[in-house]
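# Observations on the model geometry
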Amino acid sequence: MQRVVVTGLGVLTPIGNDVQTYWTNLIAGECGVARITAFDPSPLDVRIGGEVKGFDPKNYMDMKAARRMDRFSQLAVAAAGEALCDAGITIDPERSERIAVMMNTGGGGIQTLTREVRNYYEKGPNRVSPFFIPMYAPNMAASQVSMTYGIHGPVRGSVAACAAGSQAFVDSWHLLRRGEADVVIAGGTEAGMDPVAVSAFANMGALSRRNDDPKRASRPFDAERDGFVFAEGCGAMILETEEHARARGARIYCELAGGAMTADAFHLSAPVEDGTYTARAMRNALAAACLNAEDIDHISAHGTSTPLGDKAETTAIKRAFGDHAWRLAVPSIKGALGHLVGAAGGVAGVTVVKSIVNGIVPPTINLEYPDPDCDLDYVPNEAREMPVRAGMVNAFGFGGQNAVAIFKRYE
């Protein structure tokens, strides 16, 4: 079986629209949560979010094409372009069938959906855009990446809620090891900053209501956490077979060693409190990567800042890692970003790769009041220099979808 390596990275986040800016701000403890600007949030109970700031699609793609894309697809095209450039890959038409796209999402074109439904009821059926379906459809981020860059290999866009980004890495690992492609553009994208979506999450009781203190609203594992902060963004990476990367003389960041997925089969939104199936996903990922628990130094926690979720993840990590759980660095980047939903695992994957390469682990910001039920080392408030031999990405989605990916140093 082929080994799978990482050769390129790309992101758009609430704290940076390229990898270097994102990483610098993340390590510095910056926070991208603020009052929502995509629409007037005044009538809503929750008025804060993590928005990608200053994004102009014309800097990344043809504007005629951009006008026929929902924002979640625009972010995917932009992040994929950065990752391709970082990897030094030029798409050769004769080899394009050996390149694949695996760009997942949690909700697809939510902004397009609500806009066109409003057009129908307010203006009539003739005012619904003919591009509505190809803009909204969740597969279109992957398809738009394919069309933009001339990629003719397998194109897949799965919908896996908050597990989407990590699931893309696991599926890409299998695809490359089976020999179905030489290169995969993999990741997750989300752009659902819309009053209907925000209202729905708020009415579920899932969101933080710290409207007057947005930068301290997302506080993973903190005793005073009161819900997640809805956010948007994209994380993408270039994955290649080791043979292909070495043959073209690519710079290799690290290895994607393996991953696994499980399902809770329990509840629409709540986790299993004893962490049974999330722990199983972690153990299965270790087995797929041929690693022991003691080989992992760092977990990028799902850590959404919800009372139930953070406690359940802590319990699951203890089940999966035993005594080694207390020796792990387990930060959550969601204190800085909010919860990027379908993009969360994609950006977390990029973060773990940077931690392995740079020997530094980002902090969990806003962790001020320890929760007795969350008693692991979450790297509170300040980044930590430390060697990272291998790092795990946890991503757990509504409906009980669990996806775990493991990256390790390339040797």
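One can find the structure itself at the top, above this paragraph.
The written sequence of each chain sets the order in which its residues are numbered from 1. Since the coordinates come from a predicted model, pLDDT governs what is reported: local features require at least 70, and pairs of side-chain atoms require 80 or more to be given and counted, while whole-chain, interface and lining totals use all residues. For side-chain calculations, the full set of non-hydrogen atoms in the structure is used, while hydrogens and water are omitted.

## Points about the side chain of Thr304
Test applied: Here a helix means four or more residues in a row that DSSP labels H or I, a strand means two or more in a row labelled E, and each is numbered from the N terminus. Partly exposed residues are those whose accessible area sits between 20% and 50% of the maximum for their type, while under 20% is buried and over 50% is exposed, using a 1.4 Å probe and protein chains only. Counted as a polar contact is a pair of N or O atoms within 3.5 Å, where, for protein atoms, one must be capable of donating a hydrogen and the other of accepting one, and residues adjacent in sequence contribute only when both atoms are in side chains. Every residue pair with non-hydrogen atoms within 4.5 Å of one another is taken to be in contact.
Within the fold, Thr304 resides in the loop between β9 (298-300) and α11 (307-321). On the basis of relative accessibility, which here comes to 8%, the residue Thr304 falls in the buried class. A polar atom in the side chain of Thr304 sits 3.2 Å from the side chain of Thr306. Apart from the residues lying within four places of it in its own chain, the contact partners of Thr304 are Gly227, Phe228, Asp310, Lys334 and His339.

## Points about the pattern of salt bridges
Applicable threshold: Salt bridge, as applied in this entry: a Lys or Arg side-chain nitrogen positioned within 4 Å of an Asp or Glu carboxyl oxygen.
In this structure the tally under the stated criterion is 24 salt bridges. Across the pair Glu232 and Arg71 runs a salt bridge whose closest N-O atoms are separated by 2.9 Å. Of this pair, Glu232 sits in the loop between α8 (195-204) and β7 (233-241) while Arg71 sits in helix α3 (residues 71-87), placing them 161 residues apart in sequence. One exposure class covers both Glu232 and Arg71, and it is buried. One salt bridge in this structure joins Asp86 and Arg251, with 3.2 Å as the shortest N-O distance. Taken together, the residues Asp86 in helix α3 and Arg251 in the loop between α9 (242-247) and β8 (254-263) connect sequence positions 165 residues apart. For Asp86, a relative accessible area of 26% translates into the label partly exposed. When salt bridges with common partners are traced through the structure, they connect Asp213, Arg216, Arg219, Asp222 and Glu368 into a single cluster.

## Concerning the sheet that holds β7
Quick note on the threshold: Here, a strand pair is defined by DSSP locating no fewer than two bridges between the strands. Orientation is described by lines fitted to C-alpha atoms, with helices fitted over the stretch in contact, and by angles between N-to-C directions that extend from 0 to 180 degrees.
Here we have 9 strands laid out as an open sheet, ordered β5-β4-β6-β7-β1-β8-β13-β12-β9, and mixed in their pairing. Both outer strands of the open sheet, β5 (155-156) and β9, are each paired with one neighbouring strand and no more. The pairing of strand β6 (residues 183-190) with β7 spans 8 bridges and is antiparallel. For Val184, the partnering residue across the bridge sits in β7 and is Leu239. The strands touched by helix α7 (residues 164-177) within the sheet are β1 (4-12), β4 (99-105), β5, β6, β7, β8, β12 (390-397) and β13 (401-408), with β6 carrying the most contacts at an inclination of about 165°.

## Structural notes on a nonpolar patch on the surface
For clarity, the threshold we go by: Candidates for patches are residues over 30% relative accessible area with no salt bridge; among them, like charges are joined within 9 Å and nonpolar side chains (Val, Leu, Ile, Met, Phe, Trp, Tyr) within 5 Å. In short, Shrake-Rupley with a 1.4 Å probe defines the accessible areas, and a residue's cover is counted only from the protein chains shown.
Residues Val117, Tyr120 and Tyr121 make up a contiguous nonpolar surface patch of about 350 Å² in total accessible area. In this structure, Val117 sits in helix α4 (residues 110-123). You can call Val117 partly exposed: its relative accessible area is 39%.

## Quick word on the nonpolar core
Stated formally: What is meant by a nonpolar core is a set of buried Ala, Val, Leu, Ile, Met, Phe, Trp, Tyr and Cys residues, joined one to another through side-chain atoms within 4.5 Å.
In terms of nonpolar packing, the biggest core is built from 70 residues, with Val6, Val198, Phe230, Met237, Leu239 and Phe407 touching the most fellow members. At 7 residues, helix α13 (residues 344-358) tops the list of elements feeding residues into this core. In this structure Met237 touches Val6, Gly8, Leu9, Ala83, Phe169, Val184, Ile185, Ala186, Gly349, Val350, Val353 and Phe407, once residues within four positions along its chain are discounted.

## Things to note about the environment of Ile185
In this structure, Ile185 sits in strand β6. Distance in space between the C-alpha atoms of Ile185 and Ala79 is 9.9 Å, their sequence separation being 106 residues. Not counting chain neighbours up to four residues away, the residues in contact with Ile185 comprise Ala80, Leu84, Ala100, Val101, Met102, Met103, Val145, Ile151, Met237 and Ile238.

## Here we look at the side chain of Gln74
Within the secondary structure layout, Gln74 lies in helix α3. Beyond its immediate chain neighbours, meaning those up to four positions away, Gln74 contacts Phe55, Pro57, Met61, Ala66 and Met69.

## As for α4
We apply this condition: One less than the residue count of a helix, multiplied by 1.5 Å, gives the span that helix is expected to have.
Given a rise of 1.5 Å per residue, 14 residues ought to cover 20 Å, and the 19 Å separating the end C-alpha atoms of α4 matches this to within 8%. The complete set of buried residues in α4 reads Ile110, Thr112, Thr114, Glu116 and Asn119. Taken from the residues just after α4, Gly124 is the one with a positive phi, measuring 105°.

## A few points about the state of the cysteines
To keep things clear, this is the line we draw: Whenever a pair of cysteine sulfur atoms sits within 2.5 Å, that pair is classed as a disulfide.
Following the criterion strictly, the structure yields 0 disulfides and no others. With no disulfide of its own, Cys31 lies closest to Cys162 among cysteine sulfurs, the gap being 18 Å. The exposure class assigned to Cys31 is buried, which follows from its relative accessible area of 14%. With no disulfide partner, Cys162 has as its closest neighbouring cysteine sulfur the one in Cys234, 15 Å distant.

## Quick look at the pairing of β1
Both faces of the sheet carry side chains from a regular strand, because those side chains alternate between them. Along β1, 9 of the 9 residues are buried, which leaves the element largely enclosed by surrounding structure. In this structure, β1 lies alongside β7, joined through 8 bridges in antiparallel fashion. Looking across to β7, one finds that Val4 is bridged to Thr241.

## Some remarks on the packing of aromatic side chains
Formally: Aromatic rings from Phe, Tyr and Trp, with only the six-membered ring used for Trp, were paired whenever their centres fell within 6.5 Å, and each pair was classed as stacked if the ring planes differed by under 30 degrees, edge-to-face if by over 60, and tilted otherwise.
Following the criterion strictly, the structure yields 8 aromatic pairs and no others. Pairing Phe55 with Tyr60 gives two aromatic rings, centres 5.2 Å apart and planes at 25°, and the pair type is stacked. A residue is classified by how much of its surface remains accessible, and Phe55, at 11% relative accessible area, is buried. You can call Tyr60 partly exposed: its relative accessible area is 31%. Joined through ring pairs, the aromatic side chains of Phe201, Phe228, Phe230 and Phe398 make up one cluster.

## Let's talk about the environment of Pro14
Residue position: Pro14 is located in the loop between β1 and α1 (19-27). Relative accessible area serves as the criterion here: at 6%, Pro14 is assigned to the buried category. Sequence separation of Pro14 and Glu243 is 229 residues, and the distance between their C-alpha atoms is 36 Å. Excluding residues within four positions of it along the chain, Pro14 makes contact with Gly32, Gly50, Glu51, Val52, Lys53, Ala231, Glu232, Leu337 and Leu340.

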